Amino acid sequence: MRVPPRPSRTRRLRSVFPAVVSAALAVSALSAPAAAAAAAAAAQEPAPAACPANLQDSATCYTGQSADGAYYAIAVPEQWNGSLVVHAHGGPDLGEESDPERSIGDLERWSVMVEQGYAWAGSSYRRGGYGTRMAAADTESLRRLFVERFHKPKRTYIHGQSWGGNVAAKTIEIYGSDKHGPYDGALLTNGVLGGGSRGYDYRVDLRVVYQYYCRNHPRPSEAQYPLWMGLRAGSTMTTTGLRARLQECTGFSSPPEERTAEQQRNLDDILAVTRIPERTLESHLRFATFTFRDIVHNRLGGRNPFSDKGVVYSGSHDDAALNAGVERFSADPTAVRDLSYDSDITGKVSIPVLTLHAIDDPTAFVEHEAAYRAGLRGAKRDKHLVQTFTDEHEHSGLSTSEYANSISALDAWVRSGKKPTPASIAASCPAFDASYGTGCFYEPAFTPAPYATRVNPRPDGLDWPALSAHQEKKWSRLPSVGIAP
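From a predicted model like this one, the values you see are computed outputs, not experimental measurements. (Residues numbered from 1 in each chain as written. Predicted model: local features only at pLDDT ≥ 70, side-chain atom pairs only at ≥ 80, totals over all residues. Heavy atoms only, no water.)

Colleague: Honestly, the packing of aromatic side chains in this entry has me stumped. Any pointers?
Modeller: Across all of its chains, the model carries 15 aromatic pairs by this definition. When the ring of Y62 is compared with that of F150, the centres are 5.1 Å apart and the planes differ by 65°; the resulting orientation is edge-to-face. With Y62 in strand β2 (residues 59-65) and F150 in the loop between α5 (132-149) and β6 (156-161), the pair connects residues that are 88 residues apart, well separated along the chain. Between Y451 and W464, the aromatic rings sit 5.7 Å apart at their centres with planes inclined by 85°, giving edge-to-face as the arrangement. (Phe/Tyr/Trp six-rings, centres within 6.5 Å; stacked < 30°, edge-to-face > 60°. Helix = DSSP H or I, 4+ residues; strand = E, 2+ residues; numbered from the N terminus.)

Below, the structure is given as structure tokens:
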């Protein structure tokens, strides 16, 4: 177990400099055309960069851009323990290009890993928009770059947060499924672990239920489109405009006493039927609008991967009218195939996987963990899984003490071969909290209910994993299957 104080500036990691320095010296010795080509190649090399403020006295940081265009950030602590944490970020972000600030911000956000003695590497991915396999490839590419340019780690762990949990889970299935593969363990925190073909069904439900009550997305006077699109391709709607429509219909941002009776009833019905927390209603509707548009128009060529056929909605003041009036649609099987191949989890893992999830996560419901365990159990790989849960209420970040404790518990499991329990992990947290003071909120006895108790299951949607390893292999032989990078 490693607990701060922070390391002093007593030792620099000497093996990280030669690649950067030798590239610069080589360029100076070449002719002009060759030098230009070498300079272009050298631009892909990790370049020294400023570390986040809390790491400036204890680590050396680098940034760069991969040949595929993905920006990345790397940090190596002065007192490096020899192991690497590769980070997979959430989202997905929807910008067209890779965001150079994303990996830098992630390094600052997850600096606890570096404080605990681990080198850290995080990719911004080569583009925005949906693409789980693309993000997994960029994550693996960065791991390989670290090995080539710096040093082969003693052990390599992957950490995924939110959608990054899906990315990390897919990464270890694709690149680390062998017993002696490049990854030694995985930490998945507040992960979206239901996969793409089922993990967004509750947002499909929100999209159609919202429109049934609100009739303003689109308005009757506007161009109509099927709701599974999220938004028509050429729409100029902004997040501000969407928020205004949500406010118009539900008064969600106003105190209850300032809402009209109709707004309050609309809000009550939408929340009761979808079971989405009021505090994240807007963010879920944004996803069901703008990210759905990206998935449908930009990634699937206008094909529909979503269905609400056969779903029985309940909890409103008039369920019969709701079920009779809500828009219904069936998915295009080829679109389901491509989304499933890109993002669904097969459960084919052979390394230790530790998860950490807030019980009251308002974005990636804790029942995603039940789906993941069912998937690994269906693949007969659940012996590799330990799940922990905390009495916390946010999605984007958990207690720093818990992150430090989790990576330590995973490392101890890998090094010793002794599988921890939720109780033993909870018991080790106070030692880290003595340094970080952000609290330990574990609930070792908690077990999430099945996914179908929280999200309306679709036909054939009760068996896990959603994608078998056999089916994945069959689909992999098809031309142009999945989502293009």
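Here the narrative resumes.
Colleague: What is the right way to look at the sheet that holds strand β5 (residues 119-123) in this model?
Modeller: Hydrogen bonding along the main chain pairs the strands of a sheet, whether they run parallel or antiparallel. Spatial ordering of the open sheet is given by β1-β2-β3-β5-β4-β6-β7-β8-β9, a layout of 9 strands whose pairing is mixed. One side of each edge strand has no neighbouring strand; the edge strands of this open sheet are β1 (47-49) and β9 (385-390). If you compare each strand with its neighbour and ignore which way they point, the axes differ by 20° on average. Note that β1 and β2 share 3 bridges and pair antiparallel. Considered in β2, the bridge of A49 is made with C61. Of the strands in this sheet, β7 (185-189), β8 (353-358) and β9 are in contact with helix α14 (residues 367-378), which crosses β9 at around 170°. (Pairing = 2+ DSSP bridges. Axes fitted to C-alpha atoms, helices over the stretch in contact; angles between N-to-C directions. Contact = heavy atoms within 4.5 Å.)

Colleague: Would you mind going over the confidence of the model for the protein with me for this structure?
Modeller: Detailed reading of predicted coordinates is not advised where the pLDDT is low. With 90% of its residues at a pLDDT of 70 or more, the protein shows a mean pLDDT of 91. Per-residue pLDDT stays below 50 along residues 4-43; that stretch engages in 44 contacts with residues further than four places along the chain or on separate chains. (pLDDT = per-residue confidence, 0-100.)

Colleague: Sorry, what's going on with the side chain of T274 here?
Modeller: In this fold, T274 is placed in helix α10 (residues 261-274). Here T274 falls in the buried class, since its relative accessible area comes to 5%. Within the structure, the side chain of T274 is placed 2.7 Å from the backbone oxygen of I270, a separation counted as a polar contact. With near-sequence residues (within four places) excluded, T274 lies in contact with D205, L206 and V209. (Buried < 20%, exposed > 50% of the residue type's maximum accessible area, 1.4 Å probe, protein only. Polar contact = N/O pair within 3.5 Å; in protein donor to acceptor, adjacent residues only side chain to side chain.)

Colleague: How do you make sense of the packing of helix α13 (residues 333-343) against helix α17 (residues 469-476) when you look at a structure like this?
Modeller: When two helices pack together, their arrangement is given by the angle between the helix axes and the distance between those axes. Closest axis-to-axis distance for the α13/α17 pair is 11 Å, and the angle between their directions is 115°. By the angle class used here, α13 and α17 are roughly perpendicular. In this structure, α13 crosses over α17, and the sense of that crossing is left-handed. Taken together, the residues of α17 that come into contact with α13 (itself represented by R337, S340 and Y341) are E472, W475 and S476. A class-by-class count of the residues in the contact of α13 with α17 yields 2 nonpolar, 2 polar and 2 charged. (Parallel < 35°, antiparallel > 145°, perpendicular 65-115°, else oblique. Left-handed = near helix turned anticlockwise from the far one by under 90°. Nonpolar A, V, L, I, M, F, W, Y, C, P; charged D, E, K, R; others polar.)

Colleague: Looking at this model, I keep getting lost on the layout of surface pockets. Mind explaining?
Modeller: Think of a ball as big as a water molecule: rolled over the atoms, this probe shows where empty space is left. Size it by volume and the largest pocket reaches roughly 540 Å³. Lining the largest pocket are 23 residues, and of these G91, P92, R203, F287 and T363 lie nearest its centre. If you list the elements that add at least two residues to the lining of the largest pocket, you get α3 (100-109), α8 (201-214) and α11 (281-299). Examining the composition of the lining of the largest pocket, we find that 5 residues originate from one element, α11, more than from any other. Looking at side-chain class alone, the lining of the largest pocket contains 8 nonpolar, 10 polar and 5 charged residues. Here the second largest pocket is characterised by a volume of approximately 450 Å³. Lining the second largest pocket we find 20 residues, and of these S197, R198, V336, P459 and D460 sit closest to its centre. When residues of the lining of the second largest pocket are traced back to their parent elements, those giving at least two are α7 (196-199), α13 and α17. A class-by-class count of the residues in the lining of the second largest pocket yields 8 nonpolar, 7 polar and 5 charged. (1 Å grid on protein atoms, 1.4 Å probe; cavity = no way out; pocket = protein on both sides within 12 Å on 5 of 7 lines; lining within 4 Å. Points joined across faces, edges and corners; volume = space filled by probe spheres on them.)

Colleague: Would you mind showing me how to read the pairing of β2 here?
Modeller: Regular strands place side chains that alternate from one sheet face to the opposite one. Buried residues dominate β2, accounting for 5 of its 7 residues. When β2 meets strand β3 (residues 71-77), the two strands line up antiparallel, connected through 7 bridges. Bridge pairing links T63 to A73 in β3. Here β2 folds back onto β3, and the loop between the two strands holds 5 residues, one of which, G69, carries a positive phi near 100°.

Colleague: Just checking my understanding: could you explain the packing of helix α9 (residues 239-250) against α10 for this structure?
Modeller: Where α9 contacts α10, the two axes come as close as 6 Å, and the packing angle between them is 110°. In terms of their interaxial angle, α9 and α10 are classed as roughly perpendicular. Along its contact with α9, which presents Q247, E248, C249 and T250, the element α10 presents Q263, Q264, N266, L267 and I270. Across the contact of α9 with α10, the residue classes break down as 3 nonpolar, 5 polar and 1 charged.

Colleague: How should the state of the cysteines be read in this particular structure?
Modeller: A covalent bond bridging the sulfur atoms of two cysteines is what the word disulfide describes. For the coordinates displayed, the defined rule picks out 3 disulfides. Across the disulfide, C429 is cross-linked to C440 (sulfur-sulfur distance 2.0 Å). One quick way to see it: the torsion about the S-S bond of C429 and C440 is about -85°, and its sign makes the bridge left-handed. With C429 in helix α16 (residues 422-436) and C440 in the loop between α16 and α17, this pair connects stretches of sequence that are 11 residues apart. Once the disulfide-bonded cysteines of the protein are ranked by sequence position, their pairing pattern turns out to be 1-2, 3-4, 5-6. (Disulfide = S-S within 2.5 Å.)

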